[in-house]
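# Residue-level structure breakdown
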Amino acid sequence: MSRGDTCIARTMKSYQKLRTAGPQPAACRVEEEGAGPMPAGHGKLAPWWVGSGLLVAAVLLSAVTVWVLRQVSGGWPGPTLPPKCLLVPESHRFDCYPERHVVVTQELCESRGCCFIETPPPAGAKRGVPWCFYPPDFPSYTLESLNQTALGMVGLLVRREKAYYPRDIERLRLDVEFETDTRLHIKITDAANPRYEVPLEVPRAMKRAENPIYSLDFSRDPFGVLLRRRATGTVLLNTTVAPLIFADQFLQIATLLPSRFLYGLGEHRGPLLHSLDWSTLTLWARDVSPTESFNLYGAHPFYLLMEEGGDAHGVFLLNSNAMEVALQPAPALTWRTIGGVLDFYIFLGPDPNMVIQQYQQVIGFPAMPPLWALGFHLCRWGYGSSNVTWQTARAMRNYQIPQDAQWNDIDYMDGYRDFTIDPQKFASLPSLVEDLHKHGQRYVMILDPGISSTNPHGSYWPFDEGLRRGLFLNTTQGQPLIGQVWPGFTAFADFSNPDTQQWWLENLQRFHAHVPFDGLWIDMNEPSNFMDGSEDGCPPGELDSPPYTPAVLGDSLSAKTVCASAKQKASVHYNLHNLYGLMEAKATASALIQIRGKRPLVISRSTFPSQGQYSGHWLGDNRSQWKDMYYSIPGLLSFSLFGIPLVGADICGFSGSTSEELCTRWMQLGAFYPFARNHNTQNEKAQDPTVFSPAARTAMKDVLLTRYSLLPFLYTLFHRAHLQGDTVARPLFFEFPWDVATLGLDRQFLWGRSLLVTPVLEPGVDSVTGYVPRGVWYDFYTGSSVNSSGEMLKMSAPLEHLNLHVREGAILPTQKPETTSEATRRNPLRLIVALSQGGTAWGDLFWDDGESLGTFERGSYSYLVFNVTQNIFTSTVLHASAEATEVTIGTLSIFGVREPPSKVLLNGQEKPFSYLGNQVLTVSDLGLSLSQGFTLQWL
């Protein structure tokens, strides 16, 4: 035991604390408490277990040693295994050789100065415990100085021994800003030279937070950050567990995590709750059908973590380079990125809703969508003509199935070229759009960023003009980079150039004059390329072949996209790749506003933090399979965390053949996607609601009518998202964070805080089992109540039924539905009141004209708050506008009225009412203007 004891003693000795709470001298020398400056060479042992409760390792050491020696004795004589390597438990082995497709030998490993211990590989192709890992004394940075600033502190980090990637940066600047009581900003950059940083506008703090709910300590040698939550003492970050590496093209920092409940880090397909069993999540925008473990269309370097006891925090790494996040069961996480700087924001919540609000205070709140965007959208690739497209929209009307927008995929174009129409097959498109508008419907079409480059000069303005103005991505030789997309050879618009945004606008204006579209669907914007790099491949060099390539699909940064060395106005593509979709979305939303003068609808495939300000997102090219329907739920909930609430998956599946049962169940689930669109690929049979049997068609129509009846509630949720960053579709644990049973739930979700959706996700069943959190919940359709202790409940679910439950204490504004949002919004409102066990309820309603820009900011909106207490319902108008006078409140349905009332008074006057045995009180024919407050009392 003696060796373990000395390790503990030395580790403890080498760990200095710097409290930031009280006043400190301006130049704060970091020295050991009660000791002189540390002797050189002392304190090299990284305190990789400080604050992690792993001192028990020393106690277990003898057993571990015997076990490890037994494991390795085969290939490695016992005595040569350094004892320091044996000290590191398997779960705390941080990978020193993360390169893929390399057989890591003892020789390779030790050339990096790391420990090598073989462990049996896990079953399947999964990576398990790393064989090559950092020893506790691996050289890292030392915190040489730390000085107070107005907003926090600034420090100097020095590395005395080079690590193993080229161009180590030996002196780093540490900036810490206590931006708010719940937000901390930690940035590590090159102390001497500027580096690429993400061109994202972030808020600047003006003064230091006065009462932060966190405390921050540092370890001096090796440098590390220890962040704690003051209220509980929980250590949220401990980066002393592995060395900080900051080379020109390899930046790595690791931290212990306070629990295993980790969410976010998109875009990936998988459960909502990540597995920490040695999994790696790669962030590099890529066009590929959603598949588990692949890097997908967007990059979101943000995670949310639920701590024991229900608190939550979030961490955002503002970095747009190719990146991977390695998770391990310690629990711990390692960020690896190959460019830029380490720019972290930490959000302290303390509840998950607040974490997401705080995140959006940095990246920006989402745009308020137009009301029609929340209706039902219909699309397919392969209508083949505008006449067939038109027939589909007409069939929907004939069956009186709600539809707000008709879409077209690339088959409307001439030769798949942007801003063109197929002159034969889509000649009637302008008339179709005119007809849609006449029926209160909208038109949306697709655009790709690849611009056809092979047309005779003078025959295709978008390319000729883009070339003339120099608006395309260029090769290192300064010529437009040519790849291949749908139209054949293409150049790629450089949206980082402001001039490109003007050219994009002009193209859209010219097209809109012919086809007056209402929204835009931007696809292939990773950017996607059918070639790797370009028609000439990619040049040799460290941008296209960096010293380290994260675990990207295809093993190369240029796989199915453009060369990383491509030149853009703002930087090289190596730095900007993950921002391509964001920059295109920004240009597209701006163009739509200038063309239509109304709120834009943009739906984008590739996304990056802040994109909710400009677009929504669909989850890409899914398949018509039951498991894809399930995976859409964690997908949409993850995008709620990322500040992109307008999200959904292709209902009934994009590729492959759907079945009537699958499509019916998927339409039921999809009716509760914030963005609800049924979309299909070419050469598959149609899957719009009109093509199925009368029973299935009716089930689909009914659930869409249910969605339309809830539009006032959904629209109000989007208002709250726009105003303060609330989520729309919400995981159950957001509302019940202390209930550990909710932490892994991703087969159900909430709208806001009060509407529980429990879809059927498997074939051949007529019931569904769902979790019902503690409390009273009411059946949305009947008002019958269920009182749950927090349990799994079996619910009846015949093919025509979707289970919806309203949480006690909520008031939902609903409306008599029609087949468009425009027609629905003229109908009387019905307020559904779900009384709590104490007889109280609360709800609100935001109402405006549904499409004008900045209605809230300009004050042209109405906002009402509804309250029930002591058998009195009160509607209070907090803000009123002209639109509200056109709408009436027709009906009040009150769930959970325990005693039959003897009379009901509206503003003191008696009103007829009905009362059912399931404790539902209904008062109809109220005819009250939305702009008038009122009270309703039952006695």
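All of the points below concern the structure found in this document. Values in this document were obtained by computation on a predicted structure and should not be read as measured data.

Here is what the cut-offs are and how they apply
- Residues numbered from 1 in each chain as written.
- Predicted model: local features only at pLDDT ≥ 70, side-chain atom pairs only at ≥ 80, totals over all residues.
- Heavy atoms only, no water.
- Helix = DSSP H or I, 4+ residues; strand = E, 2+ residues; numbered from the N terminus.
- Rg over C-alpha atoms; globule rule 2.2 N^0.38 Å.
- Buried < 20%, exposed > 50% of the residue type's maximum accessible area, 1.4 Å probe, protein only.
- Contact = heavy atoms within 4.5 Å.
- Areas by Shrake-Rupley, 256 points an atom, 1.4 Å probe, with all protein chains shown as cover.
- Expected span 1.5 Å × (residues − 1).
- Polar contact = N/O pair within 3.5 Å; in protein donor to acceptor, adjacent residues only side chain to side chain.
- Pairing = 2+ DSSP bridges.
- Phe/Tyr/Trp six-rings, centres within 6.5 Å; stacked < 30°, edge-to-face > 60°.
- Axes fitted to C-alpha atoms, helices over the stretch in contact; angles between N-to-C directions.
- Parallel < 35°, antiparallel > 145°, perpendicular 65-115°, else oblique.

## Concerning the overall build of the chain
A tally of helices and strands in the chain yields 18 helices and 51 strands. What you see for the chain is a C-alpha radius of gyration of 30 Å, in line with the 30 Å of a compact globule of 939 residues. C-alpha extents for the chain along the principal axes are approximately 85 × 75 × 55 Å. Taking all 939 residues of the chain together, the buried fraction comes to 63%. Looking at the chain alone, contacts between residues at least 24 apart form 70% of all its contacts between residues at least 6 apart. Total accessible area on the chain is roughly 33,000 Å²; 52% of this is exposed by carbon and sulfur atoms.

## Thoughts on helix 5 (residues 352-363)
Taking 1.5 Å of rise per residue, the twelve residues of helix 5 would be expected to cover 16 Å, and the 17 Å separating its terminal C-alpha atoms lies within 8% of that figure. Residues of helix 5 that are buried include every one of P352, N353, V355, I356, Q357, Q358, Y359, Q360, V362 and I363, and no others. The residue sitting at the N-terminus of helix 5 and contributing the capping side-chain oxygen is D351; that oxygen lies 2.7 Å from the backbone nitrogen of N353. Of the residues one or two after helix 5, G364 is the one with positive phi, at around 105°.

## Description of the pairing of strand 14 (residues 279-283)
In terms of residue burial, strand 14 counts as a mostly covered element, since four of its five residues are buried. Bridging between strand 14 and strand 17 (residues 323-328) involves five bridges; their strand directions are antiparallel. Residue pairing for strand 17: L281 is matched across the bridge by V325.

## A word on the packing of aromatic side chains
Overall, the coordinates contain 45 aromatic pairs when judged by the stated rule. With 4.0 Å between their ring centres and 5° between their planes, F302 and Y359 make a pair best called stacked. Taken as a pair, F302 in strand 15 (residues 300-306) and Y359 in helix 5 lie far apart in primary sequence, 57 residues in all. You can call F302 buried: its relative accessible area is 0%.

## Some details on the environment of M368
Topologically, M368 is positioned in the loop between helix 5 and strand 20 (376-378). When the C-alpha atoms of M368 and A721 are compared, they prove to be 8.0 Å apart, with 353 residues separating the residues in sequence. Those residues in contact with M368, other than ones at most four positions away along the chain, are R599, Y715, F718, H719, H722 and F846.

## Remarks on the sheet that holds strand 26 (residues 519-522)
Spatially, nine strands are ordered 29-28-27-26-22-21-20-31-30 in an open sheet, and the strand pairing comes out parallel. Lying at the two open borders of the sheet, with one neighbouring strand each, are strand 29 (647-648) and strand 30 (650-651). Relative to strand 31 (residues 676-678), strand 30 is paired through two bridges, and the arrangement is parallel. The residue bridging I651 from the neighbouring strand is N678, located in strand 31.

## Looking at the packing of helix 14 (residues 694-709) against helix 15 (residues 711-724)
Where helix 14 contacts helix 15, the two axes come as close as 5 Å, and the packing angle between them is 55°. Judged by the inter-axis angle, helix 14 sits oblique to helix 15. In this structure, helix 14 uses R707, Y708 and S709 to contact helix 15, whose residues at the interface are L711, P712 and L714.

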